[in-house]
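Each chain, letter by letter, is given below.
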Amino acid sequence: WVYLHITDRDISYVWYNTPTRKDGAVIAVGTVGIFVLFVITNLIAGFVSAPRQTGEVASLLSSNTDLVYPFILIVVFLNAPIEELIFRGVIQTRLDESFSTIAAIFITSTIFSSIHIGNYSGATEPLALLIPLFIIFSLSLILCASYEYSKNVVVPIAIHAVFNITQALSFLLM
């Protein structure tokens, strides 16, 4: 909101509206896409015996599953909406004004994945950090593409939330 205020823009700068059936299809395709990519990346990493690095949040949830449901509420109502409004709604939209759409998507995804590096601060080997960052970068590409295609920030918010919720729920199965 600060950026919008400082630049004399209103909320209409961010593409948003009530989701349509088309948006629902984009959410479904985006969600399936990121999970397929996630599974393939992890299978390849396992096949080549790549070192693994668990993120700080994952470590916390796996050691204390009582936090899974509060985490889900935070993801749905704070994390996914705030990150998507900032990264897709403001950063991608602003970069799209100065660069090509493809460049805006890649720059936004690079920034998005770099802010998540802190979650993997315990990585002792570069490859252990690169695998989760590749997954986050890929997730961001899908989120950016879904925003660009749908012209609706609700779409990447939903994909982001479903991805994080599924990850959190997986700790209850361990």
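Residues numbered from 1 in each chain as written. Predicted model: local features only at pLDDT ≥ 70, side-chain atom pairs only at ≥ 80, totals over all residues. Heavy atoms only, no water.

Student: Before we go on, may I ask you to explain helix 6 (residues 126–150) in this structure?
Tutor: Working note: α-helix, 3.6 residues per turn, so residues spaced by three or four point in the same direction. Helix length check: helix 6, at 25 residues, gives a terminal C-alpha distance of 36 Å against a target of 36 Å (1.5 Å per residue), a fit within 8%. Lys-151 occupies a position one or two residues after helix 6 and carries a positive phi of about 55 degrees. (Helix = DSSP H or I, 4+ residues; strand = E, 2+ residues; numbered from the N terminus. Expected span 1.5 Å × (residues − 1).)

Student: What is the right way to read the environment of Ala-25 from this model?
Tutor: Note on placement: Ala-25 falls in helix 2 (residues 21–47). The exposure class assigned to Ala-25 is partly exposed, which follows from its relative accessible area of 42%. Sequence spacing of Ala-25 and Ser-150 is 125 residues, and the spatial spacing of their C-alpha atoms is 10.0 Å. (Buried < 20%, exposed > 50% of the residue type's maximum accessible area, 1.4 Å probe, protein only.)

Student: How do you make sense of the nonpolar core when you look at a structure like this?
Tutor: Nonpolar side chains in soluble globular proteins generally cluster together in the buried interior. Core analysis: the largest hydrophobic core is formed by twelve residues, namely Val-26, Ile-27, Ile-34, Ala-45, Ala-50, Ile-131, Ile-135, Leu-139, Leu-143, Val-155, Ile-159 and Phe-163. At the level of secondary structure, the elements contributing two or more residues to this core comprise helix 2, helix 6 and helix 7 (154–173). Discounting residues that sit within four places of it in the chain, Ala-50 has contacts with Ala-45, Leu-127 and Ile-131. Val-14, Val-75, Tyr-147 and Val-153 belong to the second largest nonpolar core, which has seven residues in total. (Core = buried A, V, L, I, M, F, W, Y, C linked by side-chain atoms within 4.5 Å. Contact = heavy atoms within 4.5 Å.)

Student: Explanation requested: the pattern of salt bridges in the structure shown.
Tutor: This structure, assessed with the given rule, holds four salt bridges. Among the salt bridges present, the one from Arg-9 reaches Glu-97, with a minimum N-O distance of 3.5 Å. With Arg-9 in the loop between helix 1 (2–6) and helix 2 and Glu-97 in helix 4 (residues 68–98), this pair connects stretches of sequence that are 88 residues apart. Owing to a relative accessible area of 27%, Arg-9 belongs among the partly exposed residues under this scheme. Under the relative-accessibility criterion, Glu-97 is labelled partly exposed at 44%. With a closest N to O distance of 3.0 Å, Lys-151 and Glu-148 form a salt bridge. Look at Lys-151 and you get partly exposed, because its relative accessible area is 36%. Its relative accessible area of 17% is what places Glu-148 among the buried residues. Put simply, Arg-9, Arg-94 and Glu-97 are held in one network by salt bridges that share partners. (Salt bridge = Lys/Arg side-chain N within 4 Å of Asp/Glu carboxyl O.)

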